[in-house]
Amino acid sequence: MKIAVIGAGAMGSLFGAYLAGGGHQVALVDVWREHVEMINKQGLRIEEKSGEKIVSLTAEKDTRNLGAQDLVIIFVKSYNTADAVNTARNLFTESTVILTLQNGLGNAEIIADTVRNATVLAGTTAHGATVLGPGYIRHAGVGETIIGIYKGAGDRRVHDIADTFTNCGIKTRVVDDIASQLWGKLLINIGINPLTALLNVTNGRLVEYDATCALMQMLVSEGEAVARAGGINIPYADVLEKVKQVAVATGTNRSSMLQDLDKGGRTEIDFINGAVVREGAKLGISTPYNEMVTQLIKAVEAIREFN
Ligand code: NAD
């Protein structure tokens, strides 16, 4: 299969490496020049739990040298999705499948709006990765990847892609109701990410205090109300309990939002708590707590940028 990965940071280069290892023709595309040059020069260096390995891969700074692809995987941060997909238009034909495994809500919509005739798949992955330097990543966590059709007639192809991923070492399952899956992950992220980022604590600390539990409950119950009003089939019987379980299970992790603020970078807040606010507004559900944390995170981003 001819596969391009747009946004070859931690997750994009990880998935690209596994797919290339399975014999597919993979091109990584990333605007980070040093990273691209290092990958082309020495391969991608991956720190796995079992030790280090180097995977030989092709990387490009843009899509100019690439032709039509069978599969394009979008792995930029959500706030770059529109730009990245727009500038990669030469990769898409009517038979190209586009897959997003990004966090948050709204990426599949942006892709489907930008590439009108495309088959768009969306999903979640429990793999985790971090960039350690140009051409160098850590494979921090292993878990299941779940995909489903967001738009288009991709019934056979979604299964082909899941089989391809699984054969390459990325265990993948297809679900019919991908919205349920995306909202399930979103409800966890809205309860954990902004609070860990604002309070500068690891995930597990959130369940240790009454005040942090109360804050989680405020954010999550608004998200749950919006999901229910939108007819989403929430995959947990007790959403707050599930969020707390995940916080405990990932107790020592620093959430991606906390890591983004640590680096002085931008967060995906608009696609996480901000998405709950947007969806709530469409459905006439008020979401003041999610609005508040969205603005607090944006305030931290703005203050850091101008300091
Ligand atoms: P990352 O910052 O490591 O990688 C994103 C890459 O996109 C960067 O290398 C950046 O240079 C590149 N980029 C930016 N604009 C671009 C453009 N226009 N064209 C091409 N490349 C561009 O981010 P990440 O941690 O790999 O996360 C990617 C997505 O996956 C996010 O939505 C994140 O929430 C999600 N996710 C991450 C993890 C994880 O463990 N890191 C796990 C699950 C999901």
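Before reading further, recall that the structure is shown in the block above.
Residues numbered from 1 in each chain as written. Predicted model: local features only at pLDDT ≥ 70, side-chain atom pairs only at ≥ 80, totals over all residues. Heavy atoms only, no water.

Undergrad: Explain unusual backbone geometry to me, please; I cannot follow it from the model alone.
TA: Leaving glycine out, the prevailing phi sign among residues is negative, and the prevailing peptide bond configuration is trans. Look at Asn 200: it is not a glycine, yet its phi comes out positive at around 55°. For Asn 200, a relative accessible area of 48% puts it in the partly exposed group. (Buried < 20%, exposed > 50% of the residue type's maximum accessible area, 1.4 Å probe, protein only.)

Undergrad: When you look at the site of the ligand in this model, what are you seeing that I'm missing?
TA: Around the ligand, the structure places 23 residues, and the nearest of them are Ala 10, Met 11, Asp 30, Asn 103 and Glu 268. At 2.6 Å from an oxygen atom of the ligand is found a side-chain nitrogen or oxygen belonging to Asp 30. Contact distances for the ligand include 3.0 Å between a nitrogen atom and a backbone N or O atom of Ala 129. Considering the ligand on its own, with 820 Å² of exposed area, one finds that the protein chains cover 83% of that surface. For the shell around the ligand, the secondary-structure elements that each account for two or more residues are helix 1 (10–21) and strand 9 (128–133). Considering each element in turn, the shell around the ligand owes the most residues, three residues, to strand 9. (Near = heavy atom within 4 Å. Polar contact = N/O pair within 3.5 Å; in protein donor to acceptor, adjacent residues only side chain to side chain. Areas by Shrake-Rupley, 256 points an atom, 1.4 Å probe, with all protein chains shown as cover. Helix = DSSP H or I, 4+ residues; strand = E, 2+ residues; numbered from the N terminus.)

Undergrad: How should I be thinking about the nonpolar core in this particular structure?
TA: A general trend in soluble globular proteins is that nonpolar side chains are found buried together. Counting residues in hydrophobic clusters, the biggest one holds 58 residues, and the most contacted among them are Ile 6, Ile 74, Leu 91, Phe 92 and Trp 183. The element contributing the most residues to this core is helix 6 (residues 178–199), with 10 residues. Each residue touching Trp 183, except ones within four places of it in the same chain, is listed here: Leu 105, Gly 223, Val 226, Ala 227, Ile 232 and Glu 279. Counting residues in each nonpolar core, the second largest holds 34 residues, with Val 5, Leu 19, Val 55 and Phe 165 among its members. (Core = buried A, V, L, I, M, F, W, Y, C linked by side-chain atoms within 4.5 Å. Contact = heavy atoms within 4.5 Å.)

Undergrad: How should I be thinking about the packing of helix 7 (residues 210–229) against helix 10 (residues 273–283) in this particular structure?
TA: A packed helix pair is summarised by two numbers, namely the angle formed by the two axes and the spacing between the axes. Viewed as axis vectors pointing N to C, helix 7 and helix 10 meet at an angle of 45°, and their least axial separation amounts to 9 Å. As summarised for this structure, helix 7 and helix 10 are arranged oblique, according to the angle between their axes. Relative to helix 10, the crossing made by helix 7 is left-handed. Contacts from Leu 219, Gly 223, Val 226 and Ala 229 of helix 7 reach helix 10 at Asn 273, Val 276, Glu 279, Gly 280 and Leu 283. Considering only residue class, the contact of helix 7 with helix 10 consists of five nonpolar, three polar and one charged. (Axes fitted to C-alpha atoms, helices over the stretch in contact; angles between N-to-C directions. Parallel < 35°, antiparallel > 145°, perpendicular 65-115°, else oblique. Left-handed = near helix turned anticlockwise from the far one by under 90°. Nonpolar A, V, L, I, M, F, W, Y, C, P; charged D, E, K, R; others polar.)

Undergrad: Would you mind showing me how to read helix 7 here?
TA: It helps to recall that an α-helix has 3.6 residues per turn; residues three or four apart then point in one direction. Helix length check: helix 7, at 20 residues, gives a terminal C-alpha distance of 28 Å against a target of 28 Å (1.5 Å per residue), a fit within 8%. Inspection of helix 7 places Thr 212, Cys 213, Met 216, Leu 219, Val 220, Glu 222, Gly 223, Glu 224, Val 226 and Ala 227 among the buried residues, and these make up the whole buried set. Gly 231, located one to two residues past helix 7, shows a positive phi value of around 75°. (Expected span 1.5 Å × (residues − 1).)

Undergrad: Just checking my understanding: could you explain the sheet that holds strand 3 (residues 44–48) for this structure?
TA: Where strands meet in a sheet, backbone hydrogen bonds hold them as pairs that are either parallel or antiparallel. Strands sit in the order 4-3-10-9 across an open sheet of four strands; the sheet is mixed. With partners counted over all chains shown, the strands left at the sheet margins are strand 4 (51–55) and strand 9, one partner each. The mean angle between the axes of side-by-side strands here comes to 25°, regardless of whether they run parallel or antiparallel. Pairing of strand 3 with strand 4, which is carried by five bridges, proceeds in the antiparallel orientation. The residue of strand 4 that forms the bridge with Leu 44 is Val 55. (Pairing = 2+ DSSP bridges.)

Undergrad: Would you take a moment to explain the environment of Gly 12 for this structure?
TA: With respect to the element layout, Gly 12 can be found in helix 1. Judged by its relative accessible area of 1%, Gly 12 falls in the buried class. Placed 64 residues apart in sequence, Gly 12 and Val 76 show a C-alpha to C-alpha distance of 7.8 Å. Those residues within four positions of Gly 12 in sequence are excluded, and the remaining contacts are Val 5, Gly 7, Leu 28 and Phe 75.

The analysis is restricted to geometry; functional conclusions fall outside its scope.
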